[in-house]
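One-letter residues, chain by chain:
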Amino acid sequence: MSKVQRLYAERALDFGRWTLDKPMQVNLKVLAGPYKDRVFCFTQPDTFLIGRTADSHLYLPDDRFFSRHHCLLEISPPHCLLRDLGSTNGTFVNGRKVSEAALQNGDKIQGGETVLLVEVVSGEAAEASPPGHGSAKPIIVAVQCINCARSEQAQVATSDEHLTFLCEDCRAELRNTPQPIPGYEMIRVLGRGGMGCVTLARHQTNGRAVAIKTLLPEFAVSDKALRRFMREVDVAAALKHPNIVEFIDRGVHNGVVYLVTEFVDGADAAKLADSRGGRLPARDTISIITQALDALSHAHDHGYIHRDIKDQNILVRSSGNELSAKLTDFGLAKSFAQSGMSGVTMAGEMAGTLAYMPPEQLKNFRDVKPQSDLYAVGMTAYSLFSGKLALNIGKKTSMSETIKAIFEQPAIPLRERAPELSATVCEIVDRALVKDPNERWQSARAMRNALLHAC
């Protein structure tokens, strides 16, 4: 059970037994303070920052109780998770000081003069009532695990939804031992993550080696949400480029979503660096990063944002002294969250590489620009060049501390971590990591050309 799931379990809620569809809504109603009577409404996964900085969603410059970046709410209706960001005076829920809290209907968030009421509104109430005045009584239905038939209860948006549900035990089992997919011979597990696992398989008709990623919903999902996810996958699959992993097929088998892609016979960039002492030679890093930037340039030109660039999402194949790099999982993190298949926005697979995420993506999860991908490319390049993160954080740093560092810590200049690199290469990477997107590289093509000219 994840830490987030434990937080919900402690409040007699099961993080894996809720469902999301379009009408579900979370409202934050301001009961007291400068924004009294204002209501913030959320029907899709998003984040909500409270603090004294001008870029906060709830901007409280005159209330000295609040820190600059005080707390962050991660919202994926009906879920709402609060994280205190190491504030000086703390964040309170129902009068109790908390570092993290899984919020539910009726909870009150308090700080200084400001009080916010959390409302979780069912679909029918959200459509029938104005914001802040809907009945939040949940619609409860019985669901059965598609794998073991265990019976549970789920909260739904409307009473006539058909749901797909995997219990916690079966999710764990299928993550370790994925089920067979019709038409493919399953060979061996290549990797496991928050969304599910990746398996090497062979097409039974043509013998082609493929990678099959099975995606395990963290809670009950409606048929409508599954169809929405499939549509988004189909859109991303239209991207064709030599440095983007080829999409082959997708489907649902026994309630489990699977994606079939080309198999890249190599390792991801993180594992490649680990095999060489934690970092890569400058020549290899520049080769990998420029190929990734070439893929991003193509994607950005066609209106796609990756949103989850990291070492693990760049697959590398060696051929003699040459390296071939391919980006994988285009837009998957967003699609998984917005379809309702994952929990709150930074739970699951994204939590492991949160440090690669730019500050504007934390503040505006749904609307990011190409410059956000370039920040993550900079973080990836920094890690491959130096074997270290660009922020002063480590493996034991908490998620809340990491988020605060992303907002407040300037990146450590690459030259300090890798003094053997040329000043030009260091400047190129450092420019990608500035906090203001307008001061970064404005296109993947420009950053790629700069790196090639620096060789």
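Placed above this text is the structure.
Residues numbered from 1 in each chain as written. Predicted model: local features only at pLDDT ≥ 70, side-chain atom pairs only at ≥ 80, totals over all residues. Heavy atoms only, no water.

**A short note on the packing of helix H6 (residues 282-301) against helix H9 (residues 370-386)**
Where we set the bar: Where helices are involved, their axes are fitted lines through C-alpha atoms of the stretch in contact, as for all axes, and angles between N-to-C directions lie from 0 to 180°. Numbering goes from the N terminus for both helices and strands, where a helix is a DSSP run of H or I of at least four residues and a strand is a run of E of at least two. Roughly parallel refers to an angle under 35 degrees, roughly antiparallel to one over 145, roughly perpendicular to one between 65 and 115, and oblique to any angle outside these ranges. Left-handed is the label given to a crossing in which the near helix is rotated counterclockwise from the far helix by less than a right angle, and right-handed is the label when the rotation is clockwise. In this analysis, two residues are considered to be in contact whenever any of their non-hydrogen atoms come within 4.5 Å of each other.
Where H6 contacts H9, the axes come no closer than 10 Å and their chain directions differ by 165 degrees. Here H6 lies roughly antiparallel to H9, going by the angle between them. As H6 packs across H9, the resulting crossing turns out to be right-handed. Contacts between H6 and H9 involve Ala282, Thr285, Ile286, Ile288, Ile289, Leu293, Leu296 and His300 from the former and Pro370, Asp373, Leu374, Val377, Thr380, Ala381, Leu384 and Phe385 from the latter.

**What about the environment of glutamate 113?**
For clarity, the cut-off: Only protein chains enter the accessibility calculation, which uses a 1.4 Å probe; a residue whose area is less than 20% of its type maximum is buried, one above 50% is exposed, and one in between is partly exposed.
Within the secondary structure, glutamate 113 is located in the loop between strand S10 (108-111) and strand S11 (114-121). Overall, glutamate 113 belongs to the exposed group, its relative accessible area being 58%. Once the C-alpha coordinates of glutamate 113 and proline 34 are considered, the two residues, 79 residues apart in sequence, prove to be 7.9 Å apart. Discounting residues that sit within four places of it in the chain, glutamate 113 has contacts with Ala32, Gly33 and Asp63.

**Structural notes on the nonpolar core**
The nonpolar side chains of a soluble globular protein tend to be buried with one another. Selection rule: Remark: nonpolar core denotes a set of buried residues (Ala, Val, Leu, Ile, Met, Phe, Trp, Tyr, Cys) joined through side-chain atoms within 4.5 Å.
Counting 60 residues, the largest nonpolar core has Ile288, Leu293, Ile314, Leu327, Phe385 and Leu414 as the members making the most contacts within it. Of all elements in the fold, only helix H5 (269-275), H6, strand S22 (314-319), strand S23 (322-327), H9, helix H10 (399-408), helix H12 (423-432) and helix H13 (444-454) reach the threshold of two or more residues within this core. When residues in this core are grouped by element, the largest group, nine residues, is from H9.

**Focus: the pairing of S22**
Worth spelling out the cut-off: Strands qualify as paired when DSSP identifies two bridges or more between them.
Pairing analysis gives two bridges linking strand S21 (residues 267-268) to S22, with the strands arranged antiparallel. Note that in S22 the partner of aspartate 268 across the bridge is leucine 315. Summarising the sheet, S22 and S23 pair through six bridges and their orientation is antiparallel. The partner of arginine 317 across the bridge, within S23, is serine 324.

**Quick notes on the sheet that holds strand S19 (residues 247-253)**
By definition, the strands of a sheet pair up through backbone hydrogen bonds, in either a parallel or an antiparallel sense. With antiparallel pairing, the five strands of this open sheet are ordered in space as S15-S16-S17-S20-S19. Every interior strand has two partners, whereas the edge strands, strand S15 (184-192) and S19, have only one. Between one strand axis and the next, the sheet turns by 25 degrees as a mean value, whatever way the strands run. Where strand S17 (residues 209-215) and strand S20 (residues 256-262) come together, six bridges link them in antiparallel fashion. Each bridged residue has a counterpart across the sheet, and for threonine 214 the counterpart in S20 is tyrosine 258. Strand contacts of helix H4 (residues 223-237): S17, S19 and S20, with the helix running at about 170 degrees to S19, the strand carrying the most contacts.

**A closer look at the packing of aromatic side chains**
Counted only if it meets this: Classification of ring pairs rests on two measures: the distance between centres of Phe, Tyr or Trp rings, Trp counted by its six-membered ring, which must be within 6.5 Å, and the angle between planes, read as stacked under 30 degrees, edge-to-face over 60 and tilted in between. Look at NZ for Lys and CZ for Arg. If either is within 6 Å of the ring centre and within 35 degrees of the ring normal, a charge sits over the ring.
Under the definition given, this model contains three aromatic pairs. Each ring, one from phenylalanine 42 and one from phenylalanine 48, has its centre 5.8 Å from the other, and the planes form 80 degrees; the classification is edge-to-face. Judged on exposure class, the residue phenylalanine 42 and its partner phenylalanine 48 are both buried. Among the aromatic residues, ring-to-ring pairing joins Phe40, Phe42 and Phe48 into one connected group. For the cation-ring pair, arginine 431 lies above tryptophan 441, with the distance from its terminal atom to the ring centre recorded as 4.0 Å.

**What about the sheet that holds strand S8 (residues 96-98)?**
Taken in spatial order, the six strands line up as S2-S1-S11-S10-S7-S8 in an open sheet, and their pairing is antiparallel. On the outer flanks of this sheet lie strand S2 (39-42) and S8, each paired with one strand and no other. Pairwise comparison of adjacent strand axes, ignoring direction, gives a mean angle of 30 degrees for this sheet. Strand direction decides the pairing type here: strand S7 (residues 91-93) and S10, joined by two bridges, are antiparallel. Paired with phenylalanine 92 across the strands is glutamine 110, a residue of S10.

**A short note on the pairing of S10**
Of the two faces of S10, only the one carrying Ile109 and Gly111 is buried; Lys108 and Gln110 on the other face are not. Bridge count between S10 and S11: four bridges; the pairing is antiparallel. Each bridged residue has a counterpart across the sheet, and for glycine 111 the counterpart in S11 is threonine 114. Here S10 folds back onto S11 in antiparallel fashion, the turn holding two residues, of which glycine 112 has a positive phi close to 55 degrees.

Remember that the coordinates give geometry; whether it matters functionally is a separate question.
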